[in-house]
Amino acid sequence: MLYTSTRDKSIKVKSAQAIAQGISAEGGLFVPCEIPQFSIDKISSMVSMSYIDRAKTVLKEYLTDFSEEELDYCVKGAYSVDKFSSKKIAPTVNIDGNKNILELWHGPTCAFKDMALQLLPYLMTVSAKKTADGKTIVILVATSGDTGKAALEGFKDVDHTKILVFYPVDGVSPMQKLQMTTQEGNNVSVCAINGNFDDAQSAVKAIFTNDDIKAQLAEKKMMFSSANSINWGRLVPQIVYYFSAYCDLIEMGKIKAGDEINAVVPTGNFGNILAGYYAKMMGLPIKTLVCASNSNNVLTDFLKTGTYDRNRAFYTTTSPSMDILISSNLERLLYHMSGCDDTLVKDLMTKLSKDGKYTVSDKLISDIQRVFDAGYTSEENVDNTIKYHFDKYKYLCDTHTAVAVKVYDEYVKETGDDIPTVIDSTASPYKFSASVLNAVLDGNAPELDEFSMVYELNKVTGAEIHKPLASLKSKSVRFTNVCNKEDMSQMVFKLLDL
């Protein structure tokens with residue numbers, strides 16, 4: 001299996017190179033040159049497997065330069081039961097009829113990013129031995145909340161790595177901020193920026209492609225890589241859980257092998273739903289992928305109209321991991337759906353950088369709309385959805401999951417397409433205790449500090465508090481740095497003591 005760049009398809013590298021490098025030199029994203037195909041019989045054979053074996057079955061098709069022993073080491077290390085609060089790793093829970101919730105937050109940071117970021121350090125370590133020639137890999141991360149903590153936890157004290165995380169100072173929940181600023185590990189650093197996630201992400205991409213900065217790092221035997229979903233090693237593990245959820249539905253008697261399902265994904269950077277697209281391309285019977293947005297509905301508008309326009313108001317919402325106006329992974333979809341037209345993708349990305357918008361052809365958006373639907377919802381609807389599902393089903397959603405559930409309900413109402421559906425649940429409700437408690441209590445939550453809010457939510461709902469969040473109360477804040485987006489490159493050198 002070889003990989004190429006969305007902006008230069010003459011490039012051909014193996015998976016280890018794509019993972020260690022993170023992003024192509026000219027700024028494009030690595031994508032597989034071909035998509036492995038899974039028959040229904042092969043998918044059926046995965047039903048009786050553990051999550052670890054399901055993961056190995058999918059990943060070995062993409063990581064062909066990893067030996068069987070290397071892949072086994074990576075996957076078993078990532079998905080050991082002592083790291084996840086569910087033996088199923090990513091359990092599928094039926095709520096009502098054809099509505100099934102895929103719980104992706106049972107890992108050590110209680111967010112779906114653990115599904116990839118527990119594995120990425122293992123993939124990175126193996127890849128670095130193959131390609132990095134003894135260099136220290138500097139993991140540079142922009143986060144809207146969950147990626148930062150999951151990456152920090154995954155890479156802490158991993159040999160020959162350093163990890164630097166930048167987050168918007170007012171754009172994460174108090175719990176997310178506390179998770180990052182109290183992070184343990186001798187190779188980790190965290191810094192807030194005065195700006196939003198898009199500012200942080202754009203600055204990180206600029207640093208990645210700055211030849212002067214890369215040269216200065218090379219002098220110190222260092223190289224950049226990424227733990228954001230621009231890194232293929234971060235994206236490929238996410239394909240696994242769509243296959244796993246399908247197998248769970250067969251096991252639960254909700255579908256038979258070969259039946260179509262829909263998938264609904266709360267989406268910001270487009271990585272999670274793109275993993276579902278890869279699963280569909282591989283042969284998993286997904287009929288429609290429904291992209292669910294909050295008030296920052298740039299993706300919904302694009303999928304409905306073919307125009308991507310980030311020149312709009314930016315909203316800080318109760319689902320902060322989706323507060324994004326530049327969705328990096330859409331670039332990969334445009335590459336595949338345009339017939340691998342790297343010239344087109346490069347032109348569109350140049351327009352996005354220069355003008356903040358682009359419009360694709362009628363044919364391209366029509367092709368995309370055959371696979372994707374989209375919707376968005378307001379803050380008020382998020383609160384009502386949380387309360388309704390708790391009152392009726394005793395199921396407690398976080399704010400991001402509630403966006404997806406509401407968009408799904410509206411999609412069924414509008415289309416009548418009520419086939420068995422998987423809705424991605426991306427975070428524990430305790431990561432957003434204040435918002436969730438306020439929703440459950442119909443806007444009448446008491447004014448409490450963060451941890452009192454956690455325990456009050458537990459008292460009101462009885463939902464289990466996960467140990468990684470409860471243990472934060474006793475931890476001391478280690479990182480208080482704040483910088484402007486223009487100063488991020490200087491901050492990188494400061495945090496690396498260069």
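Above this note sits the structure.
None of these values were measured; they are calculated from a predicted model.

1. Description of the side chain of D398
Here D398 shows up in the loop between α17 (379–393) and α18 (399–415). An unpaired buried charge is present at D398: no salt bridge exists, and K431, the closest side chain of opposite charge, is 8.9 Å distant. Within the local environment of D398, its side chain forms a polar contact with the side chain of H400, the two groups lying 2.8 Å apart. Setting aside residues no more than four positions away along its own chain, D398 makes contact with I386, T426, A427, S428, P429, F432 and V436.

2. Here's the deal with the environment of Q201
With respect to the secondary-structure elements, Q201 resides in helix α9 (residues 197–208). Along the backbone, Q201 and A245 are 44 residues apart, and their C-alpha atoms lie at a distance of 31 Å. In contact with Q201, not counting residues within four places along its chain, are A142, N269, I326 and S328.

3. Looking at empty space enclosed by the protein
Tallied over the full model, the rule gives two cavities of 30 Å³ or more. Taken together, 24 residues line the largest cavity, and the ones lying closest to its centre are F112, K113, G268, N269 and S321. Contributions of two or more residues to the lining of the largest cavity are made by α7 (146–155), α11 (232–251) and α12 (271–282). Split by residue class, the lining of the largest cavity holds seven nonpolar, 14 polar and three charged. Its boundaries defined by the atoms lining it, the second largest cavity holds a volume of some 40 Å³. Around the second largest cavity sit A142, Q201, V204, K205, N228 and I230, which together line it. Per-element tally for the lining of the second largest cavity: the top contributor is α9, with three residues. Grouping the constituent residues of the lining of the second largest cavity by class yields three nonpolar, two polar and one charged.

4. Structural notes on unusual backbone geometry
The residue H160 is not glycine, and still its phi comes out positive at about 60°. You can see H160 is positioned in the loop between α7 and β7 (161–168). Relative accessible area serves as the criterion here: at 59%, H160 is assigned to the exposed category. If you check the backbone angles, D497 has positive phi at about 60° while not being a glycine. Within the secondary structure, D497 is located in the segment after α22 (488–495).

Definitions and limits used
Residues numbered from 1 in each chain as written. Predicted model: local features only at pLDDT ≥ 70, side-chain atom pairs only at ≥ 80, totals over all residues. Heavy atoms only, no water. Helix = DSSP H or I, 4+ residues; strand = E, 2+ residues; numbered from the N terminus. Buried < 20%, exposed > 50% of the residue type's maximum accessible area, 1.4 Å probe, protein only. Lys, Arg positive; Asp, Glu negative; His and termini not counted. Salt bridge = Lys/Arg side-chain N within 4 Å of Asp/Glu carboxyl O. Polar contact = N/O pair within 3.5 Å; in protein donor to acceptor, adjacent residues only side chain to side chain. Contact = heavy atoms within 4.5 Å. 1 Å grid on protein atoms, 1.4 Å probe; cavity = no way out; pocket = protein on both sides within 12 Å on 5 of 7 lines; lining within 4 Å. Points joined across faces, edges and corners; volume = space filled by probe spheres on them. Nonpolar A, V, L, I, M, F, W, Y, C, P; charged D, E, K, R; others polar.

Bear in mind that shape data such as this cannot, by itself, settle questions of function.
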